[in-house]
Amino acid sequence: HLVPAFVDSGHPQSADVLVAMIERCQPRLASVRQEINRDRRAIELAEKNYYPDVNVGFNWHAIGSAGLSPIATGEDAFSLSAGVNLPIYWNKLEAGVQEARYKAARSARRYEATWNELRADVLALHAQVVEHDRIEAILADDIVPQAGRTLQLSIQAYSVDRMTFQQLMANYQSLLRYTLERYRRLASREQAMATLERTVGCAISAPDVQFEEVLPEPRPLP
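Since the model is a prediction, treat every value here as computed from it, not as a measurement. Sequence order as written defines residue numbering, which begins from 1 separately in each chain. Local features are withheld for residues below a pLDDT of 70 in this predicted model, meaning they are given only at 70 or higher, and side-chain atom pairs are given and counted only at 80 or more; totals for whole chains, interfaces and linings count all residues. As a rule here, side-chain values cover all heavy atoms of the structure and leave hydrogens and water aside.

Concerning the pattern of salt bridges
Here is step 1: By definition here, a salt bridge exists when the distance from a side-chain nitrogen of Lys or Arg to a carboxyl oxygen of Asp or Glu is within 4 Å. For the coordinates displayed, the defined rule picks out 10 salt bridges.
Here is step 2: Close ionic contact of glutamate 181 with arginine 184 constitutes a salt bridge, the shortest N to O distance being 3.9 Å. Pair noted here: glutamate 181 and arginine 184 are both in helix 4 (residues 165-200), with a separation of 3 residues, about one helical turn.
Here is step 3: Note on classification: 1.4 Å probe, protein chains only; a residue is buried when its accessible area is under 20% of the maximum for its type, exposed when over 50%, partly exposed between these limits. Classification of glutamate 181 by relative accessible area gives partly exposed; the value is 29%.
Here is step 4: It is possible to trace a salt-bridge network through shared partners that takes in Asp133, Arg189 and Glu190. The way it works is that DSSP assigns letters per residue, a run of H or I at least four long becomes a helix, a run of E at least two long becomes a strand, and they are numbered from the N terminus.

Structure, rendered in structure tokens:
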């Protein structure tokens, strides 16, 4: 019968595609982008301080009917006001603009450093996944089947007294060792995939449940 062998997270995208996904998915980069936009707006606001401010006001004074003088009309009063704020402190304004530009440049450098760090991590993790895939494929397709065939031949040879029990156990231990190494590679590969997905910032593949046939219990040796 068939049972799930392991949950394979699937093959990752190419390294170039994963690096491109960082821009869209990684929350660390999104946070720094917000800082860059904030600093750019600060530059615009600082540069606007060079222009004079013109203030215009309109006032309405409500006049009540009680306590009016004999010559008061009792009508509400209205007034207009205007003022101009001239930017005469040029050194102070220039310092504000330069500070805003420095903060924007610092945010841009932090973004570039973060992106380079993430790119290096993605490339290294992708290489680990590829290496684990290749070694696991060799074990699954060649070494483990060959060790299984060797064990079957050993069982037949032992049954006709052409092989010692120690030789039979050595072949059995070889099969177990190669099988365990294959699943260690699978576990290491899945750990690298999980770290790679966390570094990219979003899902990079869909899990694929594979199945393998469960062999019947072996008969006791004669």
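A closer look at unusual backbone geometry
Here is step 1: A positive phi is found at aspartate 161, a non-glycine position, where the angle reads about 60°.
Here is step 2: Looking at the secondary structure, you find aspartate 161 in the loop between helix 3 (90-159) and helix 4.

Considerations on helix 4
Here is step 1: Helix length check: helix 4, at 36 residues, gives a terminal C-alpha distance of 52 Å against a target of 52 Å (1.5 Å per residue), a fit within 8%.
Here is step 2: Within the span of helix 4, buried status applies to Leu168, Ser174, Leu175, Arg182, Arg185, Leu186, Arg189, Ala192, Met193, Leu196, Thr199 and Val200.
Here is step 3: Just downstream of helix 4 lies glycine 201, where phi reads positive at about 110°. Multiply 1.5 Å by the residue count of a helix minus one, and that product is the helix's expected span.

As for the state of the cysteines
Here is step 1: Criterion for a disulfide: a pair of cysteine sulfur atoms at a distance within 2.5 Å. All chains considered together, the criterion is met by 1 disulfide.
Here is step 2: Residue cysteine 25 pairs covalently with cysteine 202 via a disulfide, S to S 2.1 Å. In this structure, the disulfide formed by cysteine 25 and cysteine 202 twists by about 65° around the S-S bond and is classed as right-handed. Here cysteine 25 is found in helix 1 (residues 15-25), whereas its partner cysteine 202 is found in the loop between helix 4 and strand 4 (208-213), with 177 residues between them in sequence.
Here is step 3: The class for cysteine 25 is buried, based on a relative accessible area of 13%.

Re the nonpolar core
Here is step 1: Of all hydrophobic cores here, the largest spans 18 residues; its most connected members are Leu18, Ile22, Leu29, Val122, Leu196, Val200 and Ile204.
Here is step 2: Mapped by element, the contributors of at least two residues to this core are helix 1, helix 2 (27-48), helix 3 and helix 4.
Here is step 3: Here the element with the most residues in this core is helix 3; it accounts for 6 residues.
Here is step 4: Counting 6 residues, the second largest nonpolar core, distinct from the first, contains Val144, Ala147, Leu168 and Leu175. Nonpolar cores were defined as sets of buried Ala, Val, Leu, Ile, Met, Phe, Trp, Tyr and Cys residues, with membership established by side-chain atoms within 4.5 Å.

A word on the confidence of the model for the protein chain
Here is step 1: With 74% of its residues at a pLDDT of 70 or more, the protein chain has an overall mean of 78.
Here is step 2: Predictor confidence is given residue by residue as pLDDT, running from a minimum of 0 to a maximum of 100. Taken element by element, the predicted model of the protein chain shows its lowest mean pLDDT in strand 4 (41) and its highest in helix 4 (91).
Here is step 3: We call two residues contacting when some pair of their heavy atoms lies within 4.5 Å. Counting contacts from residues 1-7, a segment whose pLDDT is below 50, to residues more than four positions away or on other chains yields 27 contacts.
Here is step 4: Residue range residues 206-222 is modelled with pLDDT below 50. Its contacts to residues more than four positions away, or to other chains, number 36 contacts.

Considering the side chain of serine 107
Here is step 1: Along the chain, the position of serine 107 falls in helix 3.
Here is step 2: Classification of serine 107 as buried rests on a relative accessible area of 1%.
Here is step 3: Those residues in contact with serine 107 that sit more than four places away from it in its chain are Val32, Glu35, Ile36 and Asp39.

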